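Here is how the chains run, residue by residue.
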Protein chains: 2
Amino acid sequence: MSSFNYAIAIDAMGGENSPDKIIEGLKLFLHEDRDIFFNIYGDEVLIKKSLVKFNLKFIENLKIINCTTQIKDKNSVRESIKIGKDSSMWKAIESVKEKKNDLIISSGNTGALLVISKLLIKMIPQIDKPALAGLWPNFHGTSIVLDLGANIEFNEKNYLDFSKIGSELYSVIFEKKKPNVALLNVGSEEIKGHDELKNSFAKINSQLNNFNFHGYIEGNQIKDGIVDVIVTDGFSGNIALKTAEGTVNFINTEIKKIFSSSIFGKLCYLLCLPIFKKIKKNIDPRKYNGGIFLGLNAPVIKSHGSADSLAFYYSLKLSAKILKGNLVNKIKNNFSND
Amino acid sequence: MSSFNYAIAIDAMGGENSPDKIIEGLKLFLHEDRDIFFNIYGDEVLIKKSLVKFNLKFIENLKIINCTTQIKDKNSVRESIKIGKDSSMWKAIESVKEKKNDLIISSGNTGALLVISKLLIKMIPQIDKPALAGLWPNFHGTSIVLDLGANIEFNEKNYLDFSKIGSELYSVIFEKKKPNVALLNVGSEEIKGHDELKNSFAKINSQLNNFNFHGYIEGNQIKDGIVDVIVTDGFSGNIALKTAEGTVNFINTEIKKIFSSSIFGKLCYLLCLPIFKKIKKNIDPRKYNGGIFLGLNAPVIKSHGSADSLAFYYSLKLSAKILKGNLVNKIKNNFSND
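First things first, this report covers the structure right here in the doc.

### Observations concerning the overall build of chain A
For chain A, the helix and strand inventory stands at 12 helices and 11 strands. Its C-alpha radius of gyration of 21 Å places chain A within 12% of the 20 Å reference for a compact globule of 338 residues. Expressed along its principal axes, the backbone C-alpha trace of chain A runs to roughly 60 × 60 × 35 Å. For chain A, buried positions account for 56% of its 338 residues. Restricting the contact set of chain A to residue pairs at least 6 apart, pairs at least 24 apart contribute 73%. For chain A, the exposed surface amounts to about 14,700 Å²; the carbon and sulfur share of it is 51%. Distance from the positive charge centre (45 side chains) to the negative charge centre (36 side chains) of chain A: 5 Å.

This is the structure in structure tokens:
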């Protein structure tokens, strides 16, 4: 392990079809990148079987740490903390606390992952609340939206902190020095929105930052790609994200329904298959997989529970960028004068 | 006018391509329904020209009320109140206050419409805040979502009031006696969300209502159609609506881009044209046009500024249902015991 610059802890047991999809995703990643060492936490028997299945048995980048239990999606956060100390998720997070790994990634129970990570890895002192950030496709590339649901209660300092955190994240992933940041609101005029938002606008506008402040944008402008980072409270952010996911699903389903409801439609679909494949590839949600939990002393990545191996591969790529870009230290430096 | 049971005030001057799209939409409506009298407020010369253009000059259901000014989209609410007293919007709203009309519909400045309506038509005494409701397509039909942005500040009574108002609206439009109501939240468990939401859940759950209480739903469940009415605060509701609109636009644009980026794609598109037309018809946003402003002593309908004549026709159909279903009296009765 000493020859590797970075080590990632993988909780291999959470989400659908684990650990198979985890190991298959890892294989895709290892085809491109061998710089990182992976400590894989979970049921040793199942993981070994999966390594054989995907022909990864003799790779030197991997080590299995056997864990006897697993936190399930149905477990409440309280239950997870109470009974989860021997689980793959807990052990993986603990290893980051003990500096055996630099980052933890899991497809498991989101609430448990966020709370146990905060408990063990701890916050960067100057940051009050951890942020859950995500990638959002737009006409020109990708934006970052945060908070996506970690914090229901939100204050003025959080808006500024999350603007700074989101900007560092954007800079590391997309190599742009001063990203554009906007606050999500119900109108673009300065007088719109509730008091916390208006005060945050004034506060952010009045000081120098690691970003350019664009002001407010509305929900229908996220797609335009005029801003790189969109900051909102966790309640609105979660509703925006899930409503967008629901809308994509609704349109997909309606389109499929109509193409498959007649023989002519089915023929059209077959003929246009190369076009549909290209569309699917271009707006594939798997490319945007990975909730990024920031503000702690190490990054925590949440892969979607229902994500497949390709989606898990994308979240590993994201993890590698975050590590190699030295994100947590950049965030710490940004806040060191606060 | 005495032979008509209902009268609607139309502000013919707001939005793009008015009054042409208004008059053309009205023509479509009059093909199906001649029960309602329309008082049309705006520039008499332009409206007359439009009536000639669409062959409606000799219809007995119509009267023009000449108004010398117009509230523009760029006018602030304050400016609109100060300078707008002779405008088509103000006069149309005033006519409802004076009981010359039963409902007002406008494609103009939303903020001005809501504030002037509240000022003149006034709230039903037991209701604290007016609601902006809208139609939302789902897999099985249509849901109603409110509040879509009229109220940024929201309290426990508002959640209950809006559940009752939304249910009466749903019952009138879709003829279902006890609709299912849910509160929009970041999770479906009872412990999720902020305090106002949790207290509202308990309050709504503990009493008999004109609806069945489903509990919480998340943004991605709106499309499922398991609930008829979704209640949320105006901030989250506005963000949900606009994010959904932005997502639809994003997917449409990406699909079009790929079909038009190659000769093969263009041929595919031409061949599949009947299918695409069917898709467009099935998920045509114009069918859901019309913000419904409720809680006042008369209904106020906001047609989208960029809506075309067909969309305006749909909002007239909606207006007719609301009037013929006696919605405002039903809401008043529902609140009379409060």
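### Looking at the interface of chain A and chain B
Each partner contributes to the interface: chain A provides 52 residues, whereas chain B provides 53 residues. Both faces combined, the contact of chain A with chain B buries some 4,600 Å², and carbon together with sulfur accounts for 79% of it. Contact with chain B buries area across many residues of chain A, yet Phe-235, Phe-250 and Ile-258 of chain A alone supply 14% of it, more than any other trio. Glu-218 of chain A is the partner of Lys-242 of chain B in a salt bridge, and the nearest nitrogen-oxygen pair spans 2.2 Å. With 20 residues, the single largest contributor to the side of chain A that touches chain B is helix α8 (residues 234-259) of chain A. For the side of chain A that touches chain B, the class distribution of residues is 27 nonpolar, 18 polar and seven charged.

### Remarks on the sheet that holds strand β5 (residues 131-138) of chain B
Residues and elements named next belong to chain B. The 11 strands lie next to each other as β3-β2-β1-β4-β11-β10-β5-β6-β9-β7-β8, forming an open sheet whose pairing is mixed. The strands lining the two open edges of the sheet, one partner per strand, are β3 (62-66) and β8 (212-217). For this sheet, the mean angle separating the axes of adjacent strands, direction not counted, is 25°. Set on the sheet, helix α1 (residues 20-32) makes contact with β1 (6-11), β2 (36-42) and β3; between it and β2 the angle comes to about 175°.

### Some thoughts on the pattern of salt bridges
Residues and elements named next belong to chain A. Scanning the entire structure with this criterion turns up 30 salt bridges over all chains. Linking Lys-91 and Glu-94 is a salt bridge whose minimum nitrogen-to-oxygen distance equals 3.7 Å. With Lys-91 and Glu-94 both in helix α4 (residues 88-97), this residue pair falls three residues apart, about one helical turn. The class of Lys-91 is partly exposed, set by a relative accessible area of 29%.

### Topic: a nonpolar patch on the surface
Residue and element names in this part refer to chain A. A surface patch of nonpolar side chains, about 450 Å² in accessible area, is lined by Ile-263, Leu-267, Tyr-269 and Leu-270. Within the element layout of this structure, Tyr-269 appears in helix α9 (residues 263-271). Overall, the relative accessible area of 37% leaves Tyr-269 in the partly exposed class.

### Looking at the environment of Lys-53 of chain A
Residues and elements named next belong to chain A. As for its position among the elements, Lys-53 is in helix α2 (residues 44-53). We classify Lys-53 as exposed; its relative accessible area is 56%. Separated by 68 residues in the primary sequence, Lys-53 and Ile-121 have C-alpha atoms spaced 34 Å apart. Within the structure, the side chain of Lys-53 is placed 2.6 Å from the side chain of Asp-20, a separation counted as a polar contact.

### Examining the packing of aromatic side chains
Each aromatic ring pair is characterised by the separation of its centres together with the angle its planes make. According to the stated counting rule, one finds 26 aromatic pairs over all chains in the structure shown. Arranged with centres 5.8 Å apart and planes meeting at 85°, the rings of Phe-29 of chain B and Phe-38 of chain B form a pair that is edge-to-face. Lys-164 of chain A extends its terminal NZ or CZ atom over the ring of Phe-335 of chain A, reaching a point 4.2 Å from the ring centre.

### Details of the side chain of Thr-247 of chain B
Inspection of the secondary structure assignment puts Thr-247 of chain B in helix α8 (residues 234-259). At 2.7 Å, the side chain of Thr-247 of chain B and the backbone oxygen of Thr-243 of chain B are in polar contact. Here Thr-247 of chain B is in contact with Ala-244, Thr-247 and Val-248 of chain A, once residues within four sequence places are set aside.

### Overview of the pairing of strand β4 (residues 103-106) of chain A
Note on strand geometry: in a regular strand, side chains alternate between the two faces of the sheet. Residues and elements named next belong to chain A. Every second residue of β4 is oriented toward a common face, with Leu-103 and Ile-105 on one face and Ile-104 and Ser-106 on the other, all of them buried. Two strands pair when backbone bridges link them, and strand β1 (residues 6-11) and β4 are joined in this way by four bridges, in the parallel orientation. What sits directly across from Asp-11, in β4, is Ser-106. Two strands pair when backbone bridges link them, and β4 and strand β11 (residues 300-302) are joined in this way by three bridges, in the parallel orientation. Across the sheet, Ile-104 pairs through a bridge with Val-300, a residue of β11.

### What to know about helix α7 (residues 195-205) of chain A
For an α-helix, the turn length of 3.6 residues means that residues three or four places apart are oriented alike. What α7 of chain A keeps buried is the set Leu-197, Ser-200, Phe-201 and Ile-204 of chain A. The arc that holds the buried residues of α7 of chain A, viewed along the axis, is 105°, so those residues lie on one side. In this fold, the buried residues of α7 of chain A make contact with α6 (156-174), β7 (180-184) and β8 (212-217) of chain A together with α8 of chain B.

### Some remarks on the relation of the copies chain A and chain B
If you rotate chain A by 180° and push it 0.0 Å along the axis, it lands on chain B with an RMSD of 0.0 Å. The superposition of one copy onto the other is thereby described by a two-fold rotation axis. When the interface residues of chain A are mapped onto chain B, 100% of them are again interface residues, pointing to one common binding face.

### A closer look at the environment of Ile-301 of chain B
Residues and elements named next belong to chain B. You can see Ile-301 is positioned in strand β11 (residues 300-302). Taking the relative accessible area as the measure of exposure, Ile-301 reaches 0% and is therefore buried. On a C-alpha basis, the gap between Ile-301 and Leu-103 in space is 7.7 Å, while along the polypeptide they are 198 residues apart. The contact partners of Ile-301, leaving out residues within four places of it in the chain, are Leu-103, Ile-104, Ile-105, Ser-106, Leu-113, Gly-290, Gly-291, Ile-292, Ser-315, Ser-319 and Ile-322.

### Side note on the side chain of Thr-232 of chain A
When you line up the elements, Thr-232 of chain A lands in the loop between β9 (229-231) and α8. Contact partners of Thr-232 of chain A, with chain neighbours within four places excluded, come to Val-145, Leu-146, Asp-147, Phe-154, Tyr-159, Leu-184 and Gly-237 of chain A.

About the criteria used
- Residues numbered from 1 in each chain as written.
- Chains lettered and ligands numbered in written order.
- Predicted model: local features only at pLDDT ≥ 70, side-chain atom pairs only at ≥ 80, totals over all residues.
- Heavy atoms only, no water.
- Helix = DSSP H or I, 4+ residues; strand = E, 2+ residues; numbered from the N terminus.
- Rg over C-alpha atoms; globule rule 2.2 N^0.38 Å.
- Buried < 20%, exposed > 50% of the residue type's maximum accessible area, 1.4 Å probe, protein only.
- Contact = heavy atoms within 4.5 Å.
- Areas by Shrake-Rupley, 256 points an atom, 1.4 Å probe, with all protein chains shown as cover.
- Lys, Arg positive; Asp, Glu negative; His and termini not counted.
- Charge placed at Lys NZ, Arg CZ, Asp CG, Glu CD.
- Buried area = accessible area lost by both parts, 1.4 Å probe.
- Salt bridge = Lys/Arg side-chain N within 4 Å of Asp/Glu carboxyl O.
- Nonpolar A, V, L, I, M, F, W, Y, C, P; charged D, E, K, R; others polar.
- Pairing = 2+ DSSP bridges.
- Axes fitted to C-alpha atoms, helices over the stretch in contact; angles between N-to-C directions.
- Patch = residues over 30% accessible without salt bridge, like charges linked within 9 Å, V, L, I, M, F, W, Y side chains within 5 Å.
- Polar contact = N/O pair within 3.5 Å; in protein donor to acceptor, adjacent residues only side chain to side chain.
- Phe/Tyr/Trp six-rings, centres within 6.5 Å; stacked < 30°, edge-to-face > 60°.
- Lys NZ or Arg CZ within 6 Å of the ring centre and 35° of its normal.
- Arc of directions from axis to C-beta.
- Least-squares fit on C-alpha atoms with pLDDT ≥ 70 in both.

In short, the description is geometric, and any link to function would need to be established separately.
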